[in-house]
Amino acid sequence: MNLLLARLLFILGSMVIGYQAMALNNSGVIGMAIGGLAALLMIVLELGLRKVSVSGLSSAVFGLILGLIMAKLVGDAFSLAAMDAGMLSRIRVGLTLVFCYLGMVMALRGKDEFNIIIPYVRLRRQDQGSDIILLDTSAIIDGRIVDICKTRFIGGRMVIPKFVLRELQQIADSTDPIKRQRGRRGLEILNNLQKEPGMEITINEEDFADMTEVDAKLVRLAKLMDAKILTVDFNLNRVASIQGIKVLNINELSNALKPVVFPGEEMRLKLVKEGKEHNQAIGYLDDGTMVVVEDARKLLGQEVRVSVTSVLQTQAGRMIFTKLEK
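The structure contained in this document is the topic of the report that follows. (Residues numbered from 1 in each chain as written. Predicted model: local features only at pLDDT ≥ 70, side-chain atom pairs only at ≥ 80, totals over all residues. Heavy atoms only, no water.)

Next up on the list: the layout of surface pockets. Within this model, the second largest pocket holds a volume of roughly 220 Å³. Around the second largest pocket, the lining residues are Arg144, Asp147, Ile148, Thr151, Phe153, Ile250, Leu253, Ser254 and Leu257. When contributions to the lining of the second largest pocket are tallied by element, the ones reaching two or more residues are α6 (144–150) and α11 (250–256). Looking at side-chain class alone, the lining of the second largest pocket contains five nonpolar, two polar and two charged residues. (1 Å grid on protein atoms, 1.4 Å probe; cavity = no way out; pocket = protein on both sides within 12 Å on 5 of 7 lines; lining within 4 Å. Points joined across faces, edges and corners; volume = space filled by probe spheres on them. Helix = DSSP H or I, 4+ residues; strand = E, 2+ residues; numbered from the N terminus. Nonpolar A, V, L, I, M, F, W, Y, C, P; charged D, E, K, R; others polar.)

Moving on to the side chain of lysine 217. Considering the arrangement of structural elements, one finds lysine 217 in helix α9 (residues 214–225). In contact with lysine 217, not counting residues within four places along its chain, are Phe163, Arg166, Asp207, Phe208, Met211 and Thr212. (Contact = heavy atoms within 4.5 Å.)

Let us look at helix α1 (residues 3–23). When the terminal C-alpha atoms of α1 are compared, their 30 Å separation across 21 residues agrees well with the 30 Å that a helix rising 1.5 Å per residue should span. Those residues of α1 that fall on the buried side of the exposure criterion are Ile11, Ser14 and Gly18. All buried residues of α1 lie within an arc of 65° about the axis, which places them on one face of the element. Projecting away from the buried face of α1 at angles above 90 degrees are the exposed residues Ile17 and Gln20. Looking at the packing, one finds that the buried side of α1 touches α2 (28–48). (Expected span 1.5 Å × (residues − 1). Buried < 20%, exposed > 50% of the residue type's maximum accessible area, 1.4 Å probe, protein only. Arc of directions from axis to C-beta.)

Right, let's talk about the packing of α1 against α2 for a bit. Remark: α1 packs on α2, axes separated minimally by 7 Å, with the N-to-C direction vectors making an angle of 145°. Classified by chirality, the crossing of α2 by α1 is right-handed. Contacts from Arg7, Phe10, Ile11, Ser14, Met15, Gly18, Tyr19, Met22 and Ala23 in α1 reach Gly28, Val29, Gly31, Met32, Gly35, Gly36, Ala39, Leu40, Met42, Ile43, Glu46 and Leu47 in α2. Classifying every residue of the contact of α1 with α2 by side-chain character gives 13 nonpolar, six polar and two charged. (Axes fitted to C-alpha atoms, helices over the stretch in contact; angles between N-to-C directions. Left-handed = near helix turned anticlockwise from the far one by under 90°.)

The subject of this paragraph is the pattern of salt bridges. What the rule picks out here adds up to six salt bridges. Residue arginine 144 pairs with aspartate 142 through a salt bridge whose shortest N-O separation is 2.7 Å. Accessibility expressed as a relative area gives 28% for arginine 144, which makes it partly exposed. Arginine 268 is the salt-bridge partner of glutamate 303, the closest N and O atoms lying 3.3 Å from each other. (Salt bridge = Lys/Arg side-chain N within 4 Å of Asp/Glu carboxyl O.)

This part covers the nonpolar core. Of all hydrophobic cores here, the largest spans 40 residues; its most connected members are Leu134, Ile145, Met158, Leu193 and Leu230. Take this core: its biggest share by element is seven residues, from α9. What leucine 193 contacts, discounting residues up to four positions off in sequence, is Leu135, Ile145, Val146, Cys149, Met199 and Ile201. Residues Leu269, Val291, Leu299 and Ile320 belong to the second largest nonpolar core, which totals 13 residues. (Core = buried A, V, L, I, M, F, W, Y, C linked by side-chain atoms within 4.5 Å.)

A separate point is the sheet that holds strand β3 (residues 132–135). Ordered by their spatial adjacency, five strands build an open sheet running β5-β4-β3-β6-β7, and the pairing between neighbours is parallel. Edge positions in the sheet fall to β5 (201–204) and β7 (247–249), since each has one partner strand and no second. Within this sheet the neighbouring strands show an average axis-to-axis angle of 30°, counted without direction. Here strand β6 (residues 228–231) pairs with β7 via three bridges, running parallel. Its bridge partner being in β7, leucine 230 is matched across the sheet by leucine 248. Across the face of the sheet, α9 comes into contact with β3, β4 (157–161), β5 and β6 while running at roughly 170° to β3. (Pairing = 2+ DSSP bridges.)

Once that is clear, we can look at the packing of helix α7 (residues 162–172) against α9. The contact between α7 and α9 brings their axes to 10 Å, and the two run at 160°. One finds that α7 runs roughly antiparallel with respect to α9. In this structure, α7 meets α9 at a crossing whose hand is left-handed. Only Val214, Lys217, Leu218 and Leu221 of α9 make contact with α7, whose side of the interface consists of Phe163, Val164, Arg166 and Glu167. (Parallel < 35°, antiparallel > 145°, perpendicular 65-115°, else oblique.)

Encoded structure:
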């Protein structure tokens, strides 16, 4: 049953109830019209509440209940004083209004950290847990996530936020051919991940209407779900780490798995381009590591034997400095 059918049945039921309510006064048609109009107004109200999240609604209800309890306690305290019953009634109404408002506002402001705490028991969101991994747009487009998942090095439940899917779709629909190709590649990778046996991938419907940046939404959702973020974005890695969120960076994993080389070790490689400094040449290992060779610019295009002099680890990766082996 889809939403359209449910709304049609609701309108029909409201019209029947309106007809039966006014049939005794020989105004069944008017009652039917009133019932249908009331149903349409309720549907319009429901459409207006579309952006209200379940977490926000539950927080507001909790704040309302807390406000009612506080108003009852303070009102009972006022009842101990000798005062007119009418005045006491007005004070109770005012206290109820004030405390309900304050309770709802405070609960809505802290809805992301909303937890009901009971002594020795803490009720949390059902989808919270240390085994939840949020996929970032950059990690999906990168593509290496498929091979990593096949090796079973990453365990837990993969969660793809709906706003990440929306960003992928926007990239895939871009007028820029390069962006469009990247977006379509990301959607194809997601399709391959879903077909991978043993992989549990779910879509999270949570969205934050008060935020526009996808990275900020991802960090906020990771806090809310107590989850890790899988990414290749260096800036997102830094921001999330500062806020205490665990980050799985595919680039860091790739750098950690590269073979270790030591000064004095010899290797063979092909020189493919000139270096930035005078008389330098550059080659690459099979894993993409850049190797800088001193005094080798005249040998571009040739395969040479070199000896490692030093290794430099940078944020972008690892660089190996070598000299020609005589």
